[in-house]
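# Report on the structure
Here is how the chains run, residue by residue.
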Amino acid sequence: MNKQYIQKKFVKALKSENIRLTPQRQAIFSNIMASNSHRECDDIYESLVNNGVVISKATIYRTLDILVEYNLIRKLLIENGKAKYERKIGKPHHDHMICIETGEIIEFD
């Protein structure tokens with residue numbers, strides 16, 4: 001899938017929710033689309049802050065909820081009640097297993 005199509009889908013999702021496209025929301029989206037990892041909100045926040053983005057966790061959570069709702073990312077609920085997020089669009093379908101000893105997420109087809 002090309003990047004322009006994915007970007008347009010993101011902008012359309014924000015417009016549907018009457019939310020502005022801000023530099024912070026664009027940074028969240030770009031950060032997630034550039035990663036193949038399963039990350040918690042705190043991981044995304046840390047990555048953005050380390051790259052000089054001034055942002056709140058509330059903005060990240062709101063943006064993540066929209067991205068999940070519009071099938072751009074996947075939300076994985078793990079046993080300890082935390083959520084991890086991964087890019088969904090542009091990736092082939094796969095399932096997950098979570099190791100109960102280490103918490104490691106294993107992808108499989």
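The coordinates are above.
Note that the structure is a prediction, hence the values are computed from the model and not measured.

With that settled, the discussion passes to the overall build of the chain. The number of helices and strands found in the chain is four helices and four strands. Scanning the chain from its N terminus toward the C terminus, one meets helices and strands in the order α-α-α-α-β-β-β-β. Scored against the burial criterion, the 109 residues of the chain give a buried share of 38%. Intrachain contacts of the chain at a sequence separation of at least 6 include 40% that bridge at least 24 residues. Total accessible area computed for the chain in this model is approximately 7000 Å², and 49% of it derives from carbon and sulfur atoms.

Moving on, we come to empty space enclosed by the protein. In total, this model carries one cavity of 30 Å³ or more according to the counting rule given. Contributing to the lining of the largest cavity are Ile32, Ser35, Ser37, Arg39, Ile44, Tyr85, Glu86 and Arg87. Looking at the lining of the largest cavity element by element, the count peaks at three residues for strand S2 (residues 83-87). Of the residues that constitute the lining of the largest cavity, the class distribution is three nonpolar, two polar and three charged.

Our focus in this paragraph is the packing of helix H1 (residues 3-16) against helix H2 (residues 23-33). Taken N-terminus to C-terminus, the directions of H1 and H2 make an angle of 140 degrees; their axes are 12 Å apart at the nearest point. Between H1 and H2, the angle is such that the two are oblique. Where H1 crosses over H2, the two elements pack in a sense that is right-handed. Every residue of H2 that contacts H1 at Ile6, Gln7, Phe10 and Leu14 is listed here: Arg25, Gln26, Phe29 and Met33. Counted by class, the contact of H1 with H2 contains five nonpolar, two polar and one charged residues.

Looking at the element boundaries, Ile32 is found in helix H2. On the accessibility criterion, Ile32 (4% relative accessible area) is buried. Along the backbone, Ile32 and Lys88 are 56 residues apart, and their C-alpha atoms lie at a distance of 9.7 Å. Other than its neighbours up to four places away in sequence, Ile32 contacts Arg39, Ile44, Leu64, Leu67, Ile73 and Arg87.

In this fold, Asn51 is placed in the loop between helix H3 (41-50) and helix H4 (57-69). Counting along the chain gives 24 residues from Asn51 to Ala27, while the straight-line C-alpha distance between them is 9.7 Å. Within polar-contact distance, the side chain of Asn51 engages the backbone oxygen of Ser47 at 2.9 Å.

With that settled, the discussion passes to the packing of H3 against H4. Put simply, H3 and H4 touch, their axes get as near as 10 Å, and they point 120 degrees apart. Between H3 and H4, the interaxial angle falls into the category oblique. Handedness of the crossing formed by H3 with H4: right-handed. On the side of H3, the interface is formed by Cys41, Asp42, Ile44, Tyr45 and Leu48, while H4 contributes Lys57, Ile60, Tyr61 and Leu64. Residue composition of the contact of H3 with H4, by class: seven nonpolar, no polar and two charged.

Scoring rules and cut-offs
Residues numbered from 1 in each chain as written. Predicted model: local features only at pLDDT ≥ 70, side-chain atom pairs only at ≥ 80, totals over all residues. Heavy atoms only, no water. Helix = DSSP H or I, 4+ residues; strand = E, 2+ residues; numbered from the N terminus. Buried < 20%, exposed > 50% of the residue type's maximum accessible area, 1.4 Å probe, protein only. Contact = heavy atoms within 4.5 Å. Areas by Shrake-Rupley, 256 points an atom, 1.4 Å probe, with all protein chains shown as cover. 1 Å grid on protein atoms, 1.4 Å probe; cavity = no way out; pocket = protein on both sides within 12 Å on 5 of 7 lines; lining within 4 Å. Points joined across faces, edges and corners; volume = space filled by probe spheres on them. Nonpolar A, V, L, I, M, F, W, Y, C, P; charged D, E, K, R; others polar. Axes fitted to C-alpha atoms, helices over the stretch in contact; angles between N-to-C directions. Parallel < 35°, antiparallel > 145°, perpendicular 65-115°, else oblique. Left-handed = near helix turned anticlockwise from the far one by under 90°. Polar contact = N/O pair within 3.5 Å; in protein donor to acceptor, adjacent residues only side chain to side chain.

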